[in-house]
Amino acid sequence: MDNYEKLEKVGEGTYGKVYKAKHKKTGRLVALKKTRLEMEEEGVPSTALREVSLLQMLSQSIYVVRLLCVEHVDKKGKPLLYLVFEYLDTDLKKFIDTHGRGANSRPVPAKVIQSFMYQLCKGVAHCHSHGVMHRDLKPQNLLVDKEKGLLKIADLGLGRAFTVPLKSYTHEIVTLWYRAPEVLLGASHYSTPVDIWSVGCIFAEMSRKQPLFPGDSELQQLLHIFRLLGTPNDQIWPGVQKLRDWHDYPQWQPQNLARAVPDLDPKGLDLLRKMLQYEPAKRISAKAALHHPYFDDLDKSQF
């Protein structure tokens, strides 16, 4: 680690501390992620090695934050892994906030939303094509390169090697706002559509500049969703009432999505509806989303 100069702590990721640092020889800025490993006798756990090689493969996409290298350090006989990522100075949440929230705010330009959505769908499609779900997509996990107008997925794929804590150990509650209803209802099997639900929530938030479903508990989260999209039943979503955490909920009728996201054009609303389908199998895939008419007038040559 002598090759790096730590500049500041930029966050506590779910898996450990994250530092902004500079590579001494090249001057390149990097993000150092310190991961605390449950060590085995033989050294680094094989699950962690698998995860890391998966990350290296996935980060060949420009829409995934690049893993540059991995440093293995022995600290007082305790092994630590540092993952060295490219450094980006802002995330989508901060980017949305720079446009202001509330009365004196200006909208995120429609063209920027369209470009970011396309890149997000590209990145998610790339991960899904390699059989990797993110499971925790949210604006804080999407890094933005303002100069180049790039959006990249971060905090990816450590879900199996470093078991995901329900609360991160900085005691911040892991947000539920982007969590798919099948996960909230305790489905034992879920798959890549959970990420598409999150992408839909992020899409709406870029347009509204506030979260679509800001619940502060799993129940509140579900009620937010049901109030807007209607309370699901076995006709709309076969099997929903058999899910582990299903209860008898108040019966709401679906509201007009255009009222919740007034600045989105009809094509954008159509894509959003397809992402927020209750039945996971009916949700649009990331790959199919790339061909949705919402992106027809986007100059795709830049991607």
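Residues numbered from 1 in each chain as written. Predicted model: local features only at pLDDT ≥ 70, side-chain atom pairs only at ≥ 80, totals over all residues. Heavy atoms only, no water.

### Details of the pairing of strand β4 (residues 67-75)
Point 1. Here β4 pairs with strand β5 (residues 78-86) via eight bridges, running antiparallel. Across the sheet, the residue bridging to Lys75 is Lys78, located in β5.
Point 2. In sequence, β4 turns back onto β5 through a hairpin of two residues, with Lys76 there showing a positive phi of about 50°. (Pairing = 2+ DSSP bridges. Helix = DSSP H or I, 4+ residues; strand = E, 2+ residues; numbered from the N terminus.)

### Observations regarding the nonpolar core
Point 1. Of all hydrophobic cores here, the largest spans 80 residues; its most connected members are Leu92, Met117, Leu120, Phe203, Leu229 and Met275.
Point 2. Per-domain counts for this core show at least three residues from each of domain 1 (4-86) and domain 2 (90-295).
Point 3. Not counting the four nearest positions on each side in its chain, Leu120 is found in contact with Leu142, Leu151, Ile153, Val199 and Ile202.
Point 4. Within the second largest apolar cluster, eight residues are counted, among which are Tyr4, Ala21, Leu32 and Val84. (Core = buried A, V, L, I, M, F, W, Y, C linked by side-chain atoms within 4.5 Å. Buried < 20%, exposed > 50% of the residue type's maximum accessible area, 1.4 Å probe, protein only. Domains from an automatic or database assignment. Contact = heavy atoms within 4.5 Å.)

### Considering the UniProt feature "binding site: ATP" (unreviewed entry) in the chain
Point 1. The feature "binding site: ATP" (unreviewed entry), as annotated in UniProt, sits at Lys33 in this numbering.
Point 2. Counting through the fold element by element, Lys33 comes out in strand β3 (residues 29-36).
Point 3. You can call Lys33 buried: its relative accessible area is 14%. (UniProt positions renumbered as here; feature names shortened; annotations may be inferred.)

### Looking at the packing of aromatic side chains
Point 1. The full count for this structure, using the stated rule, is 14 aromatic pairs.
Point 2. Consider the rings of Phe226 and Trp246, whose centres lie 6.4 Å apart with planes at 45°: the pair is tilted. Linking Phe226 in helix α6 (residues 218-229) with Trp246 in the loop between α6 and α7 (257-260), this pair joins segments that are 20 residues apart in sequence. Both residues of the pair, Phe226 and Trp246, belong to the buried class. (Phe/Tyr/Trp six-rings, centres within 6.5 Å; stacked < 30°, edge-to-face > 60°.)

### Here's the deal with the side chain of Thr175
Point 1. Locating Thr175 in the fold gives a position in the loop between β8 (150-153) and α4 (181-184).
Point 2. For Thr175, the side chain forms a polar contact with the main-chain nitrogen of Trp177, separated by 3.2 Å. (Polar contact = N/O pair within 3.5 Å; in protein donor to acceptor, adjacent residues only side chain to side chain.)

### Comments concerning helix α3 (residues 110-129)
Point 1. End to end, α3 covers 28 Å across 20 residues, agreeing with the expected 28 Å (1.5 Å per residue, within 8%).
Point 2. Within α3, 15 of the 20 residues are buried, which leaves it mostly tucked inside the rest of the structure.
Point 3. In the segment just after α3, Gly131 is the residue with positive phi, at about 75°. (Expected span 1.5 Å × (residues − 1).)

### Considering the sheet that holds strand β6 (residues 90-91)
In sheet architecture, strand pairing relies on hydrogen bonds along the backbone and comes in two forms, parallel and antiparallel.
Point 1. Read across the sheet, three strands follow the order β6-β7-β8 without closing on themselves; strand pairing throughout is antiparallel. The sheet is open, and its two borders are formed by β6 and β8, each paired with just one other strand.
Point 2. By the bridge criterion, two bridges tie β6 to strand β7 (residues 142-145) in an arrangement that is antiparallel. Of the residues in β7, the one forming a bridge with Asp91 is Leu143.
Point 3. Set on the sheet, α3 makes contact with β7 and β8; between it and β8 the angle comes to about 30°. (Axes fitted to C-alpha atoms, helices over the stretch in contact; angles between N-to-C directions.)

### Overview of the pattern of salt bridges
Point 1. A complete count under the given rule lists 12 salt bridges for this structure.
Point 2. Note that Lys94 and Asp91 form a salt bridge whose closest N and O atoms lie 3.8 Å from each other.
Point 3. Take Lys94: its relative accessible area is 47%, and that puts it in the partly exposed class.
Point 4. For the salt bridge of Lys111 with Asp297, the shortest nitrogen-to-oxygen distance reads 3.7 Å. Residue Lys111 is located in helix α3, and its partner Asp297 is located in the segment after α9 (286-289); the two are separated by 186 residues in the primary sequence.
Point 5. Given the relative accessible area of 56%, Asp297 is considered exposed. (Salt bridge = Lys/Arg side-chain N within 4 Å of Asp/Glu carboxyl O.)

### A look at the confidence of the model for the chain
Point 1. In the predicted model, the chain carries a mean pLDDT of 88, and 90% of its residues have values of at least 70.
Point 2. Note on residues 160-172: pLDDT under 50 across the span, and 27 contacts to partners over four residues away in sequence or across chains. (pLDDT = per-residue confidence, 0-100.)

### Some details on the environment of Leu223
Point 1. Mapped onto the secondary structure, Leu223 falls in helix α6.
Point 2. Between the C-alpha atoms of Leu223 and Pro250, which are 27 residues apart in sequence, the distance is 8.4 Å.
Point 3. Setting aside chain neighbours within four positions, we find Leu223 in contact with Tyr249, Pro250 and Trp252.

### Section: the pairing of β8
Point 1. Here β8 shows two buried faces, one formed by Leu150 and Lys152 and the other by Leu151 and Ile153.
Point 2. Examined bridge by bridge, β7 and β8 share four bridges and lie antiparallel to one another. Along β8, the bridge assignment pairs Asp145 with Leu150.
Point 3. Between the end of β7 and the start of β8, which pair antiparallel, lie four residues, with Gly149 showing a positive phi angle near 65°.

### Notes on α6
Point 1. Its 12 residues place the ends of α6 17 Å apart at the C-alpha level, agreeing with the 16 Å of an ideal helix rising 1.5 Å per residue.
Point 2. Among the structural elements, α4, α5 (193-208) and α7 are those in contact with the buried residues of α6.

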